[in-house]
Amino acid sequence: MKLAQRKNSPDWTMNDLNLALSNLKNNRSRDPEGYANEMFKQDMIGQDMKKSILVMMNQLKRQKLI
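Here is a short report on the structure shown in this document. Per chain, residues are indexed from 1 in the order of the written sequence. The predicted nature of this model means local features are confined to residues of pLDDT at least 70 and side-chain atom pairs, given and counted, to a pLDDT of 80 or more, with totals for whole chains, interfaces and linings taken over all residues. Excluding hydrogens and water, the side-chain figures rest on all heavy atoms present in the structure.

A word on the overall build of the protein
Then comes step 1: Each helix corresponds to a stretch of at least 4 residues labelled H or I by DSSP, and each strand to a stretch of at least 2 residues labelled E; elements are numbered beginning at the N terminus. From N to C terminus, the protein includes 3 helices and 0 strands.
Then comes step 2: Relative accessibility under 20% of the residue-type maximum defines a buried residue, over 50% an exposed one, and the middle range a partly exposed one, all with a 1.4 Å probe and only protein chains included. A buried classification covers 17% of the 66 residues belonging to the protein.
Then comes step 3: For the accessible areas, the method is Shrake-Rupley and the probe is 1.4 Å, while residue cover comes only from the protein chains on display. Surface accessibility of the protein: about 5700 Å² in total, with carbon and sulfur atoms responsible for 57%.

Put into structure tokens, the structure is as follows:
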């Protein structure tokens, strides 16, 4: 655990995010608020939303928040 705190992995790239979004399945896991992951599929999400998600996820990773 101490080693993981000192050694940070590189930030995720837009390609990493696109790969994750392309692997989302339909009619599967909803978030705690009840939103389906279909709203984040490639044909639904815009570039501005992708950029926002990427910034948010990298900030969470840097701060080590779950």
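Digging into the layout of surface pockets
The gaps left among the atoms become clear once a water-sized probe is rolled over them.
Then comes step 1: Its boundaries defined by the atoms lining it, the largest pocket holds a volume of some 410 Å³.
Then comes step 2: In the cavity and pocket records, a cavity denotes points on a 1 Å grid over the protein atoms alone where a 1.4 Å probe fits but cannot get out, a pocket denotes an open set with protein on both sides within 12 Å along at least 5 of 7 lines, and lining residues are residues with an atom within 4 Å of a point. Along its surface, the largest pocket is lined by 16 residues, and Leu17, Leu21, Phe40, Ile53 and Met57 are the ones closest to its centre.
Then comes step 3: Elements supplying a minimum of two residues to the lining of the largest pocket: α2 (14-22) and α3 (47-63).
Then comes step 4: When the residues that make up the lining of the largest pocket are grouped by side-chain class, the tally is 13 nonpolar, 1 polar and 2 charged. Grid points are joined across faces, edges and corners, and a volume is the space filled by probe spheres set on the points. Gly counts as polar in this scheme, as do all residues outside two lists: the nonpolar Ala, Val, Leu, Ile, Met, Phe, Trp, Tyr, Cys and Pro, and the charged Asp, Glu, Lys and Arg.

Some remarks on the pattern of salt bridges
Then comes step 1: By definition, a salt bridge exists where a carboxyl oxygen of Asp or Glu is found within 4 Å of a side-chain nitrogen of Lys or Arg. Taken as a whole and judged by the stated rule, the model has 2 salt bridges.
Then comes step 2: Residue Arg62 is joined to Asp11 by a salt bridge in which the shortest nitrogen-to-oxygen separation is 2.5 Å. With Arg62 in helix α3 and Asp11 in the loop between α1 (2-6) and α2, this residue pair connects regions lying 51 residues apart in the sequence.
Then comes step 3: Take Arg62: its relative accessible area is 42%, and that puts it in the partly exposed class.
Then comes step 4: One salt-bridge network, held together by shared partners, links Asp11, Lys61 and Arg62.

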